[in-house]
Structure formats: C-alpha cells, structure tokens
Amino acid sequence: PPEEDSSELIVHSGGQQSDDINDTNINSPMPPPLSARSQSSLYELASLFLQPKVLLFLGEVVVMGAGMATVERFLFLYMVNDLKTSNLLCGLGVGVLVIFEF
C-alpha cells in the first residue's frame, strides 16, 4: 500500500486548509512567485498574441465591434427623430440587426 502523508492540516478561521510546512499568510499583498512553467506559459501566450495574424484579427474584432455598437446606438435615434418612425419599426429594426449578427 502507498504511504500516507503524515503532515498535519491546519484549518484557518476562514475554513481554508494548508500544510503547516507551506503555510503562507492569506492576507499577504504580494502574490506568490510564478514557477518556471507558469513563466514559460505566459511567454508562449504573449508570443502568440504578438503574431501579426492574431493582432490583425484582434484589431478587426475591435473595429467591427465599435462599428456595430455605433450603428445600434444611433440607428434608433435617427429612426425616431429624423424619420419619425413608430415603435413597431424600431422593434423590427432590432430583429434585422440580430439576424445580420449571425
């Protein structure tokens, strides 16, 4: 049979458990240092986001999102104030916008 871990668990007042060997201050303002594997993963993630294709895609997402938000916000003001449309037509406009978002 495998050997059992003999280290004791301490229950803090908040209900959290920790090994008494690796007990850290929960209210510490500094995060624990990153392991070598975590640093490697962050480097790989950063290098992925800095590729030209990914940057172009993210830029396109931002521009398209800003454009759609502008149209959705100002379309109804234009329809109600300038075209004097009814609420029914504004509701149908929402339906058309939703269809084109797919």
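Analysis parameters
Residues numbered from 1 in each chain as written. Predicted model: local features only at pLDDT ≥ 70, side-chain atom pairs only at ≥ 80, totals over all residues. Heavy atoms only, no water. Helix = DSSP H or I, 4+ residues; strand = E, 2+ residues; numbered from the N terminus. Buried < 20%, exposed > 50% of the residue type's maximum accessible area, 1.4 Å probe, protein only. Areas by Shrake-Rupley, 256 points an atom, 1.4 Å probe, with all protein chains shown as cover. Axes fitted to C-alpha atoms, helices over the stretch in contact; angles between N-to-C directions. Parallel < 35°, antiparallel > 145°, perpendicular 65-115°, else oblique. Left-handed = near helix turned anticlockwise from the far one by under 90°. Contact = heavy atoms within 4.5 Å. Patch = residues over 30% accessible without salt bridge, like charges linked within 9 Å, V, L, I, M, F, W, Y side chains within 5 Å. Salt bridge = Lys/Arg side-chain N within 4 Å of Asp/Glu carboxyl O. Polar contact = N/O pair within 3.5 Å; in protein donor to acceptor, adjacent residues only side chain to side chain.

The secondary structure content of the protein chain amounts to three helices and two strands. In the protein chain, the succession of α and β elements from N to C terminus is β-β-α-α-α. The buried share of the protein chain, taken over its 102 residues, is 6%. Accessible surface, the protein chain as shown: approximately 9,300 Å² in total, 64% of it carbon and sulfur.

What follows concerns the packing of helix 2 (residues 52–82) against helix 3 (residues 87–101). At a minimum axis separation of 10 Å, helix 2 and helix 3 run at an interaxial angle of 160°. On the basis of the axis angle, helix 2 is roughly antiparallel to helix 3. Helix-helix and strand crossings are classified by hand; for helix 2 and helix 3 the assignment is right-handed. Note on element contacts: helix 3 touches helix 2 through Leu89, Cys90, Val94, Leu97 and Glu101, opposite Met68, Glu72, Leu75, Phe76, Met79 and Val80.

The phi dihedral of Lys84 is positive, around 55°, even though this residue is not glycine. Considering the arrangement of structural elements, one finds Lys84 in the loop between helix 2 and helix 3.

A grouping of Leu34, Leu42, Leu45, Leu48, Phe49, Phe57, Leu58 and Val61 is seen on the molecular surface, where their side chains present a nonpolar patch of about 720 Å² in accessible area. Here the nonpolar patch takes four residues from helix 1 (residues 36–49), the largest share from any one element. Positionally, Phe57 belongs in helix 2.

Before going further, it helps to spend a moment on the side chain of Thr85. Mapped onto the elements of the fold, Thr85 is located in the loop between helix 2 and helix 3. Of the polar contacts made by the side chain of Thr85, one reaches the backbone oxygen of Met79; its length is 3.1 Å. Ignoring sequence-local partners within four residues, the contact set of Thr85 consists of Met79, Val80 and Cys90.

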